[in-house]
Amino acid sequence: MLDLDDIFISTKFNITTNQIIQLKDMIFEWIANGVTGAVIIGRPRIGKTTAMIEISAKLKEKYGKDLPIFTYNVTNHIPRDKAFYSDLLKMVGHPLSERGTVTALKERLINTLAASACASRCRRIVLFIDEAYHLADKELQWLMDIYNHLYIRDIHLTVFLIGTEELKVKKQALIMSRQHQITGRFMTEEYSFHGIQSVKDLTICLSNFDMNYRLSENNQIIFTKEFFPEAYADGHRLSKASQLIMEVFEQNMKEIGIPESSEIPMQYFMNTVKYCFKKYGIHGKGIYFPDKAAWDDALKHSGYLAAERMYYDV
């Protein structure tokens, strides 16, 4: 029996979404056009980190060693220069990430980034920074200093700052304080990333469960077939139930007073699907195929309603 909890929480389990496809196309365009930085903003739990992981992988597929790509996850912290350079050295995999003075760490980081770029054809580096709203102004200035040192060596750094609406507030504060040297480098473009907003979005998400999904090198699965085998054999697919499932979400939104224009966070969509598989699939109640009542029950056990009440204060 499949352990869905282990599968769904794994960073290796990524499903294609309409939002990821659109953001991927935008990032590929930015890189092709030489954009130096952009902010990607979205509410919590809609899949921004998953998108970052998926798009990083797609970039590596396209460019290979010709485009070094690094990801840096920022947590709430007290900004210190030594810790900043040390964390970035850990990000690039340097064995001496904590030894030496601030100046030594900084030079080691710049030299390591430069070496990775010079070993490639493009002489470019892409850096994804997740939860970037945690970065203090002085840390953005240190990042700008790294950018300038690399630029002098004819190496171009592109930085994608990813975070919640707090990141947009930070950008506006930097503009108001006339710190254009930061916004002009790392915040020239802005992109709003969303959760599920339409039946089309939902259909694309659900179609992942109707097709072969590679769990490992020697293990593939079609989730719909695994959990509802008779219905799958008769031609039923989860993606064909997208209108029904959207109606269930919208009905519950209306009942608790969530705005009709709100988006469905990916975390709770995935929780809903997982609960439906486990409770109503062949290893649970073994129903033929999920109906409206099953999806409603799954949604109510997904954590979605409690989270949305808190988010919208209703």
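That block above? That's the structure.
Residues numbered from 1 in each chain as written. Predicted model: local features only at pLDDT ≥ 70, side-chain atom pairs only at ≥ 80, totals over all residues. Heavy atoms only, no water.

Undergrad: Outline the packing of aromatic side chains, listing residues and values.
TA: Inspection of every chain in the model, using the stated rule, returns 18 aromatic pairs. Ring centres of Tyr85 and Trp142 lie 6.4 Å apart, and the angle between their planes is 35 degrees; on these two criteria the pair is classed as tilted. Taken together, the positions of Tyr85 in helix 4 (residues 81-91) and Trp142 in helix 6 (residues 137-152) put the pair 57 residues apart, joining distant regions of the chain. In this pair, the class of Tyr85 matches that of Trp142, namely buried. Their ring planes at 80 degrees and their centres at 5.3 Å tell us that Phe249 and Tyr304 sit as a pair that is edge-to-face. Of this pair, Phe249 sits in helix 12 (residues 242-256) while Tyr304 is found in helix 15 (residues 304-312), placing the two residues 55 residues apart along the sequence. For Tyr304, a relative accessible area of 0% translates into the label buried. Here the aromatic residues Phe209, Tyr213, Phe223, Phe227, Phe228, Phe277 and Phe289 are joined through ring pairs into a cluster of three or more. Positioned over the ring face of Tyr311 is Arg43, at 3.8 Å from the centre of the ring. Sitting over the ring of Tyr232, Arg237 keeps its end group 3.6 Å from the ring centre. (Phe/Tyr/Trp six-rings, centres within 6.5 Å; stacked < 30°, edge-to-face > 60°. Helix = DSSP H or I, 4+ residues; strand = E, 2+ residues; numbered from the N terminus. Buried < 20%, exposed > 50% of the residue type's maximum accessible area, 1.4 Å probe, protein only. Lys NZ or Arg CZ within 6 Å of the ring centre and 35° of its normal.)

Undergrad: I'd like a description of the environment of Ile264, backed by residues and values.
TA: Relative to the helices and strands, Ile264 is located in the loop between helix 12 and helix 13 (266-280). Taking the C-alpha atoms as reference, Ile264 lies 13 Å from Lys200; in sequence the two are 64 residues apart. Discounting residues that sit within four places of it in the chain, Ile264 has contacts with Gly195, Ile196, Met246, Phe249, Met253, Phe269 and Tyr304. (Contact = heavy atoms within 4.5 Å.)

Undergrad: Any details on the sheet that holds strand 1 (residues 37-41)? Residues and values, ideally.
TA: The strand order across the open sheet built from five strands is 2-3-4-1-5, with neighbouring strands paired in parallel fashion. One side of each edge strand has no neighbouring strand; the edge strands of this open sheet are strand 2 (69-73) and strand 5 (189-192). Adjacent strand axes in the sheet meet at a mean angle of 15 degrees, parallel and antiparallel pairs treated alike. Bridge analysis of strand 2 against strand 3 (residues 124-130) gives five bridges, and the strand direction is parallel. Each bridged residue has a counterpart across the sheet, and for Tyr72 the counterpart in strand 3 is Ile129. Sheet contacts for helix 2 (residues 18-32): strand 1, strand 3, strand 4 (156-163) and strand 5; angle to strand 5, the most-contacted strand, approximately 170 degrees. Helix 3 (residues 48-63) contacts strand 1, strand 2, strand 3 and strand 4 of the sheet and is inclined by roughly 165 degrees relative to strand 3. (Pairing = 2+ DSSP bridges. Axes fitted to C-alpha atoms, helices over the stretch in contact; angles between N-to-C directions.)

Undergrad: Any details on empty space enclosed by the protein? Residues and values, ideally.
TA: Taken as a whole and assessed by the stated rule, the structure comprises two cavities of 30 Å³ or more. Computed from the structure, the largest cavity encloses a volume of approximately 60 Å³. Lining the largest cavity, in full, are Phe70, Leu88, Met91, Leu109, Leu113, Leu127, Leu143, Ile146 and Leu157. Taken together, the elements giving at least two residues each to the lining of the largest cavity come down to helix 4, helix 5 (102-118) and helix 6. Residues that form the lining of the largest cavity fall into these classes: nine nonpolar, no polar and no charged. Space inside the second largest cavity adds up to approximately 40 Å³. Forming the boundary of the second largest cavity are Leu23, Ile27, Ile40, Lys48, Ala51, Met52, Ile55, Ile162 and Phe193. (1 Å grid on protein atoms, 1.4 Å probe; cavity = no way out; pocket = protein on both sides within 12 Å on 5 of 7 lines; lining within 4 Å. Points joined across faces, edges and corners; volume = space filled by probe spheres on them. Nonpolar A, V, L, I, M, F, W, Y, C, P; charged D, E, K, R; others polar.)

Undergrad: Pulling in residues and values, what's your account of the side chain of Lys170?
TA: Along the chain, Lys170 turns up in helix 7 (residues 165-176). In this structure Lys170 comes out as buried when scored by relative accessible area, which is 17%. Filtering out sequence-adjacent residues up to four positions away, Lys170 remains in contact with Tyr133, Leu135, Ala136, Asp137 and Leu140.

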